[in-house]
Amino acid sequence: MKTTLYTVLCVAVRLGAVLMAVGLFERLPVFLWQSPEGGFALDAVLLAVFGLLVAGALWLWPGILAGWAIGRRGHESLEVGLSADTLLTVALAVTGAVLVVSGVAGCLGHGLTMLFFRSRLADQSTGLLPVTEWHWLIFYLVQTAGGLALMLGAHGLASLMWRLRAYPIRSEADSDDGITPRD
């Protein structure tokens, strides 16, 4: 596979821009719902519009951020000879890392939302948070733990998948008992 580091980072920046925009659209109803009665959450809307403008700029001009990240050596040819098993291991580890980052971001974002709810519920008789808020926090914690397990166990999971795909055929290089592989 031949490419440049600059191209790879441009794709990553565009992916981040899409994830940023989706996250803002996902959180906007919550902030609008939390607006004061009879009022309009202008600050939440302005913050979301600003975030969408930043995401749009990152989508349109990813080269600016990618150029800052890599410096002058970004346009050198990058040739990587990865086997399918190694590529699967990398893909599983990256998926796990994305889940970890998403889970931690969700925990922090939802934790702030819960603190906001708690301050608004202080004047009510119970002062307790709704159970659904705790469900989301548990979801993000499980997502973080699962992503960490996937990221750290990517090699073992890729090996297991290889063994399941290759069963009962074994190559001569993997055979240590002298049995020849079937055709």
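See the structure above.
Residues numbered from 1 in each chain as written. Predicted model: local features only at pLDDT ≥ 70, side-chain atom pairs only at ≥ 80, totals over all residues. Heavy atoms only, no water.

## Things to note about the packing of aromatic side chains
What characterises a pair of aromatic rings is the spacing of the ring centres plus the angle enclosed by the ring planes. All chains considered together, the criterion is met by three aromatic pairs. When the centroid spacing of 5.5 Å and the interplanar angle of 85° are considered together, the rings of Trp136 and Phe139 count as edge-to-face. Placement of both Trp136 and Phe139 in helix α5 (residues 131–152) is noted, with a separation of three residues, approximately one turn of the helix. Judged by relative accessible area, Trp136 falls into the partly exposed class, the value being 44%. (Phe/Tyr/Trp six-rings, centres within 6.5 Å; stacked < 30°, edge-to-face > 60°. Helix = DSSP H or I, 4+ residues; strand = E, 2+ residues; numbered from the N terminus. Buried < 20%, exposed > 50% of the residue type's maximum accessible area, 1.4 Å probe, protein only.)

## Concerning the nonpolar core
Of all hydrophobic cores here, the largest spans six residues; its members are Cys107, Met114, Phe117, Leu129, Leu137 and Tyr140. Those elements that place two or more of their residues in this core are α4 (84–121) and α5. If near-sequence neighbours (up to four positions away) are discounted, Leu137 is found in contact with Cys107, His110 and Met114. (Core = buried A, V, L, I, M, F, W, Y, C linked by side-chain atoms within 4.5 Å. Contact = heavy atoms within 4.5 Å.)

## Quick look at the environment of Gly156
Checked against the element boundaries, Gly156 lands in helix α6 (residues 154–166). Judged by its relative accessible area of 44%, Gly156 falls in the partly exposed class. Considered as a pair, Gly156 and Thr89 are 67 residues apart in the sequence and their alpha carbons are 8.5 Å apart.

## Quick word on a nonpolar patch on the surface
On the surface, a cluster of nonpolar side chains totalling about 900 Å² of accessible area is made up of Val18, Val22, Trp59, Leu60, Trp61, Ile64, Leu65 and Trp68. If you list the elements that add at least two residues to the nonpolar patch, you get α1 (5–33), α2 (42–60) and α3 (62–70). Element by element, the count of residues in the nonpolar patch is highest for α3, at three residues. Mapped onto the secondary structure, Trp59 falls in helix α2. Relative accessible area serves as the criterion here: at 41%, Trp59 is assigned to the partly exposed category. (Patch = residues over 30% accessible without salt bridge, like charges linked within 9 Å, V, L, I, M, F, W, Y side chains within 5 Å. Areas by Shrake-Rupley, 256 points an atom, 1.4 Å probe, with all protein chains shown as cover. Salt bridge = Lys/Arg side-chain N within 4 Å of Asp/Glu carboxyl O.)

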